[in-house]
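As a plain string of letters, each chain reads:
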Amino acid sequence: MEICPLRYPLTEQSPLSSNPIVMAIGDFDGVHLGHQEVIRSAKRIADENDCMSAIMTFHPHPREVLGQKIYSRYLAPYADKMERFAALDLDYAYTVHFDKAFARVTSEQFVEDMLMKMNIHTVVVGFDFTFGYLGAGTVDSLIKLANGRFAVEMIKPYHLNGEKVSSTVIREQLHFGFVDAAMEYLGRPYQLAGKVVHGEARGRTIGFPTANIEVTEPFVIPTNGVYLVKLHLDGKSYDGVMNIGVKPTFHVNASVTIEAHLFDFNQDIYDRVVQVELLSFLRPEQRFNSIDELINQIEADVRKAKAKLAE
């Protein structure tokens, strides 16, 4: 998959395909099952019509640029999202730089000055797709503005367990620690990535050494608590438990840290970048009255995690 950064307005230097393309358009934060349905439809239509397959997405997230701070963190930050797109076997990923100037581009300008210059055969969008200044453009207006010059395919909402799959719902699930539910909606475990850094080394002194993970991208961080996780490094995976929180037994008003204790693991992985899949929420973070109480709870957490793995 070729990643093609774009800025409005397009110029002769813009990296555009000379071949007809079928293009899915959307923010696609998380690349969840609903997004995958839109993208796979574009891929199918491209194959049926001997076209190139493509996606158009926007970065930063439009809602972040427009002042909704909750969108300063992502279910799939830029690099992660590109990996998800590549796994869906697309030919191109067009990433449009979104800023306040682009936010003022009208629906008509977006179609005429961008889409009409991209040799588009078909645009594929979700049922709730909006575009242009103040989100005034809808699927119906896109069809009208296309005026037969390219086809428009609308994909119906994707439902799971009677609920529409959406990035907003997944964010809510992570806010409450429901990583099992988030996994269902994403079609995969929710994942964080980060560098292993030096911490306080307290875990090693009590018999539970941890990898302190500093996230390298602005991921949505699930609620504080203890999780069953799978850590990936160099093509291998390791099971463990991970704490997200402020370590209230030792600190007051501390910042959130992420620490993973891996089972049967004894390697020096400082400064290495790892990926961590969150598989299940074990318990909320809590303060203990003594180190012995903490050790007993960690032992219980490990037993519970291993029991879940055995299932």
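Residues numbered from 1 in each chain as written. Predicted model: local features only at pLDDT ≥ 70, side-chain atom pairs only at ≥ 80, totals over all residues. Heavy atoms only, no water.

## What about helix H10 (residues 291-310)?
Okay, so step 1: Between its first and last C-alpha atoms H10 spans 29 Å; for 20 residues at 1.5 Å apiece the expected length is 28 Å, and the two agree.
Okay, so step 2: Looking only at H10, the buried set comprises Leu294, Ile295, Ile298, Asp301, Val302 and Ala305. Each buried residue of H10 sits inside an arc of 115° when the element is viewed along its axis, so together they form one side. Exposed positions of H10 whose direction lies more than 90 degrees from the buried face are Asp292, Arg303 and Ala310. (Helix = DSSP H or I, 4+ residues; strand = E, 2+ residues; numbered from the N terminus. Expected span 1.5 Å × (residues − 1). Buried < 20%, exposed > 50% of the residue type's maximum accessible area, 1.4 Å probe, protein only. Arc of directions from axis to C-beta.)

## Section: the environment of Thr223
Okay, so step 1: Relative to the helices and strands, Thr223 resides in the loop between strand S10 (211-215) and strand S11 (225-233).
Okay, so step 2: For the pair Thr223 and Glu64, spaced 159 residues apart in sequence, the C-alpha separation works out to 21 Å.
Okay, so step 3: The contact partners of Thr223, leaving out residues within four places of it in the chain, are Leu174, His175, Phe176, Gly177, Ile244 and Phe281. (Contact = heavy atoms within 4.5 Å.)

## Considerations on the pattern of salt bridges
Okay, so step 1: A complete count under the given rule lists nine salt bridges for this structure.
Okay, so step 2: Linking Arg44 and Glu48 is a salt bridge whose minimum nitrogen-to-oxygen distance equals 3.5 Å. Here Glu48 and Arg44 lie together in helix H1 (residues 33-48), a separation of four residues that amounts to about one turn.
Okay, so step 3: Look at Arg44 and you get partly exposed, because its relative accessible area is 39%.
Okay, so step 4: Look at Glu48 and you get exposed, because its relative accessible area is 55%.
Okay, so step 5: The salt bridge involving Arg283 is made with Asp301; its shortest N-O contact spans 2.9 Å. Linking Arg283 in strand S14 (residues 273-284) with Asp301 in helix H10, this pair joins segments that are 18 residues apart in sequence.
Okay, so step 6: Using a relative accessible area of 10% as the deciding quantity, one classes Arg283 as buried. (Salt bridge = Lys/Arg side-chain N within 4 Å of Asp/Glu carboxyl O.)

## Topic: the nonpolar core
Okay, so step 1: Formed by 33 residues in total, the largest nonpolar core has its most connected members in Met23, Met56, Tyr94, Leu115 and Leu142.
Okay, so step 2: Here this core takes four residues from helix H6 (residues 139-146), the largest share from any one element.
Okay, so step 3: The residues contacting Leu115, other than those within four sequence positions of it, are Met23, Ile25, Met56, Phe110, Ile120, Val123, Leu142 and Phe150.
Okay, so step 4: Among the nonpolar cores identified, the runner-up in size contains 32 residues, and Val169, Leu192, Leu231 and Val274 belong to it. (Core = buried A, V, L, I, M, F, W, Y, C linked by side-chain atoms within 4.5 Å.)

## Re the sheet that holds strand S3 (residues 52-59)
Okay, so step 1: With respect to topology, six strands assemble into an open sheet ordered S1-S4-S3-S2-S5-S6, the strand pairing being parallel. Single-partner strands in this sheet number two, and they are strand S1 (2-6) and strand S6 (151-155). The average angle at which neighbouring strand axes cross in this sheet is 25°, direction not considered.
Okay, so step 2: In the sheet, strand S5 (residues 120-126) pairs with S6 via five bridges, with the strands oriented parallel. The residue of S6 that forms the bridge with Val124 is Glu153.
Okay, so step 3: Contacts between helix H3 (residues 78-87) and the sheet are confined to S1, S3 and strand S4 (92-97), with S3 contributing the most and set at about 165° to the helix. (Pairing = 2+ DSSP bridges. Axes fitted to C-alpha atoms, helices over the stretch in contact; angles between N-to-C directions.)

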